[in-house]
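# Chains, contacts and geometry: an overview
Here is what each chain is made of, one letter per residue.
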Amino acid sequence: MITRQRPAAWVIALLAALTAGIVTAGPAAADDDDEPARPNPKVELVLDVSGSMRARDIDGKSRMAAAKQAFNEVLDATPDEVALGIRTLGANYRGDDRKTGCKDTELLYPVEQLDKAGRTDAKTAVATLAPTGWTPIGPTLLKAADDLTKDDDAERSRRIVLISDGEDTCQPLDPCVVARDISAKGIHLTIDTLGLVPDAKTRDQLSCIAEATGGTYTSVRHTDELAGRVKQLVDRAADPVVTPVEAKGAAQCTDAPELKSGLYTDREKFGEHRWYRVDVPAGKELRASVSVAADRAVNPDYGVLLRAETQGGREIVRGQESGDGRTDVISTGLRYPRPEADGDDEDAKYGASETVCLRVSNSFSAPASVKTSPGLPVELAVDLVDSGDEASDVASFGLGHGWWLLGVLVLVGFLAGLVWGWLSRWRFAVWRTN
């Protein structure tokens, strides 16, 4: 007997349609406030072209080929307002003279805003590169800083993105010391570093460079990771810079610092709990997220937990995320809508704020040889926005704890079962008749 599939397809379509109705579009973003014009940001991509870039261990091709592909994608995606330049290190000198090799750095493309012709010229310049010589990271960072500070605008955002696969070979000019000196100049220059298939020593050095200037370090083992991360860093330079405010979390909620809407930074030791307080008025929604950076070697399998609790210790809502050592930053977030109180009394409806305790905890652990102080970098974002007027507008049908979602899914499953049973009986009756 041939079984027709159309009724089953109808049931699946019905189930998908009912389930899709659960998801609602978020509120439209508010129009940005008028802001004074800022100087165009400057970004310089610094590429290691030393001999080790010949290694073929990134998606079956050489590190140099992966970098070229990533650069082409980044150049196409660079925002018009960003002035971008490219500098190389170890691209020209093939000899063994250390003094000459440590001067081998070149401004491949000047720092300027890119038009269509400029993007083509920059791609052409990158295409000519071939892995060659030494790894003078320290001298190259000094030159790159000069490239980005030729103007006298102190408010301009400046960023160096260093892509390398090995340690500096021009000691004693320590790249970490160079990065600290650059940071001490107060020229708003951040250095982000990316390590291509890095070993432990390379990771330590690149992490140190990034940490000295408030930048980030990322390990890269695939071409799409490299292109995506560089694009992200270039885009970050184009966005308004928000400087996190230091907030030292407490061991319990009663002693915790009170946070307003904003971005905060702290350090949390391995396995530690930190508390912060936020006052949430009636009719407002608390949105909070936390990111913890693994800025040193950590054991695999860890997690980050962000809890919103009452002052009495009752959990309101939580956000949690786990990792396995493949990323350097792990983040999670939560939303807590506080509805307006019932009744006609204005004081009851718009009365005193509710104090919400935010608890940040982690399950990171460190190998025996790794220092556990001063703690892992923590970035906490807090925002208070208008809550929905209707129950269906609040946190996607109020699904913070999942009960509504469970109820809707049960109802959808019940209806689908009824429809399927009716269709089965109808098909059986037709079969008996024929």
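Residues numbered from 1 in each chain as written. Predicted model: local features only at pLDDT ≥ 70, side-chain atom pairs only at ≥ 80, totals over all residues. Heavy atoms only, no water.

### As for the overall build of the protein chain
Applicable threshold: Helix and strand definitions here come from DSSP, where helices need a minimum of 4 consecutive H or I residues and strands a minimum of 2 consecutive E residues; each element is numbered from the N-terminal end. The classification of residues rests on relative accessible area computed with a 1.4 Å probe and restricted to protein chains. Under 20% of the type maximum is buried, over 50% is exposed, and intermediate values are partly exposed. Contacts are assigned to residue pairs with any non-hydrogen atoms lying within 4.5 Å of each other. Only the protein chains shown count as covering a residue, and every accessible area follows the Shrake-Rupley method with a 1.4 Å probe.
The number of helices and strands found in the protein chain is 11 helices and 15 strands. The proportion of buried residues among the 434 residues of the protein chain is 43%. Long-range pairs, those at least 24 residues apart, make up 75% of the contacts in the protein chain with a sequence separation of at least 6. Looking at the protein chain as shown, the accessible area adds up to about 23400 Å², and 52% of this sits on carbon and sulfur atoms.

### A word on the packing of helix α2 (residues 63–77) against helix α8 (residues 223–238)
What counts here: Orientation is described by lines fitted to C-alpha atoms, with helices fitted over the stretch in contact, and by angles between N-to-C directions that extend from 0 to 180 degrees. Take the far helix as your reference; a near helix turned counterclockwise from it by less than a right angle gives a left-handed crossing, and one turned clockwise gives a right-handed crossing. Side-chain classes are defined by residue name, with Ala, Val, Leu, Ile, Met, Phe, Trp, Tyr, Cys and Pro counting as nonpolar, Asp, Glu, Lys and Arg as charged, and the others, Gly among them, as polar.
Where α2 contacts α8, the two axes come as close as 9 Å, and the packing angle between them is 35 degrees. Handedness of the α2/α8 crossing: right-handed. When α2 is examined against α8, the residues Ala66, Ala67, Gln69, Ala70, Glu73, Val74 and Ala77 are found in contact with a partner set consisting of Thr223, Leu226, Ala227, Val230, Lys231, Val234 and Asp235. Split into classes, the residues belonging to the contact of α2 with α8 amount to nine nonpolar, two polar and three charged.

### A word on the state of the cysteines
Definition in use: Criterion for a disulfide: a pair of cysteine sulfur atoms within 2.5 Å.
With the rule as written, the count across this model stands at three disulfides. Covalently, Cys176 is tied to Cys208 through a disulfide, its sulfur atoms 2.3 Å apart. Placement of the pair is Cys176 in helix α6 (residues 175–184) and Cys208 in helix α7 (residues 200–212), with a sequence separation of 32 residues. In this structure, Cys176 and Cys208 share a single accessibility class: buried. Paired by a disulfide, Cys253 and Cys357 hold their sulfur atoms 1.9 Å apart. Of note, the bridge from Cys253 to Cys357 carries an S-S torsion of about -75 degrees and is left-handed in sense. You can see Cys253 sitting in the loop between β7 (245–246) and β8 (262–268) and its partner Cys357 sitting in strand β14 (residues 354–362), a full 104 residues away along the chain. By relative accessible area, Cys253 is classed as buried at 11%.

### Regarding a nonpolar patch on the surface
Stated formally: Residues enter patches when their relative accessible area tops 30% and they take part in no salt bridge; the joining distance is 9 Å for like charges and 5 Å for the nonpolar side chains Val, Leu, Ile, Met, Phe, Trp and Tyr. When a carboxyl oxygen of Asp or Glu lies within 4 Å of a side-chain nitrogen of Lys or Arg, that pair is called a salt bridge.
The grouping of Leu411, Phe414, Leu415 and Leu418 at the surface amounts to a nonpolar patch, some 390 Å² of accessible area in total. Here Leu415 shows up in helix α11 (residues 403–433).

### Things to note about helix α5 (residues 137–148)
So the rule is basically this: In a helix, the anticipated span is given by 1.5 Å times the number of residues less one.
The first and last C-alpha atoms of α5 sit 16 Å apart over 12 residues, in line with the 16 Å expected at 1.5 Å per residue. Burial within α5 is extensive, with nine of its 12 residues counted as buried.

### Some remarks on the sheet that holds β7
Heads up, the rule is: We call two strands paired when DSSP finds no fewer than two bridges between them.
Strand order in the open sheet formed by five strands is β7-β8-β15-β10-β13, with mixed pairing between adjacent strands. Looking at the sheet topology across the chains shown, the edges are occupied by β7 and β13 (329–338). Here β7 runs beside β8; their pairing, made up of two bridges, is parallel. Looking at the pairing, Glu246 lines up with Thr265 of β8.

### Description of unusual backbone geometry
Positive phi is not limited to glycine here, since Asp59 has a value of about 55 degrees. Structurally, Asp59 is set in the loop between β1 (42–48) and α2. Positive phi, close to 65 degrees, is recorded for Asp301, a residue that is not glycine. Note that Asp301 resides in the loop between β10 (284–293) and β11 (302–309).

### With respect to the packing of α5 against α6
Note the cut-off: Reported orientations rely on four angle classes, namely roughly parallel under 35 degrees, roughly antiparallel over 145, roughly perpendicular from 65 to 115, and oblique for the rest.
Contact geometry for α5 and α6: axes closest at 8 Å, N-to-C directions at 20 degrees. The orientation of α5 relative to α6 falls into the category roughly parallel. Note that α5 runs across α6; the crossing there is right-handed. Counted together, Ile137, Gly138, Leu141, Leu142 and Ala145 of α5 and Pro175, Val178 and Ile182 of α6 form the full contact between these two elements.

### Thoughts on the confidence of the model for the protein chain
Heads up, the condition is: What pLDDT conveys is the predictor's confidence in a given residue, as a value from 0 to 100.
Here the protein chain shows a mean pLDDT of 82. Residues at 70 or above account for 82%. Ignoring residues within four places in sequence, the model shows residues 389–400, a span with pLDDT below 50, making 20 contacts including any to other chains.

### Some thoughts on the pairing of β10
As defined by bridge partners, β10 adjoins β13 across 10 bridges and the pair is classed as antiparallel. By the bridge assignment for β13, Arg287 is matched with Arg335. Pairing of β10 with strand β15 (residues 376–386) involves nine bridges; the strand directions are antiparallel. Following the sheet pairing, Ser289 is matched in β15 by Ala381.

### What about the pairing of β14?
The buried fraction of β14 is high, at nine of nine residues. Judged by which residues are buried, β14 turns out to be covered on both faces: Glu354, Val356, Leu358, Val360 and Asn362 on one side and Thr355, Cys357, Arg359 and Ser361 on the other are all buried. Bridge count between strand β9 (residues 273–280) and β14: eight bridges; the pairing is antiparallel. Within β14, the position partnered with Arg277 by the bridge is Cys357. Across six bridges, β11 lies against β14 in antiparallel orientation. Within β14, the position partnered with Leu305 by the bridge is Ser361.

### Considering the packing of aromatic side chains
Applied cut-off: For this analysis, a ring pair means two rings from Phe, Tyr or Trp (six-membered ring only for Trp) whose centres lie within 6.5 Å, classed as stacked if their planes differ by under 30 degrees, edge-to-face if by over 60, and tilted for the remaining angles.
Across all of its chains, the model carries one aromatic pair by this definition. With a centroid separation of 4.3 Å and an interplanar angle of 20 degrees, the aromatic rings of Tyr302 and Phe364 are classed as stacked. Placement of the pair is Tyr302 in strand β11 and Phe364 in the loop between β14 and β15, with a sequence separation of 62 residues. Judged by relative accessible area, which is 4%, Tyr302 ranks as buried.

### Considering the environment of Glu258
Condition: Polar contact is the term for a pair of N or O atoms within 3.5 Å; when the atoms are in protein, one must be able to donate a hydrogen and the other to accept it, and sequence-neighboring residues count only if both atoms are side-chain atoms.
Inspection of the secondary structure assignment puts Glu258 in the loop between β7 and β8. For the pair Glu258 and Trp275, spaced 17 residues apart in sequence, the C-alpha separation works out to 9.8 Å. Contact partners of Glu258, with chain neighbours within four places excluded, come to Arg277 and Asp279. Of note is the side chain of Glu258, whose polar atom sits 3.1 Å from the side chain of Lys260.

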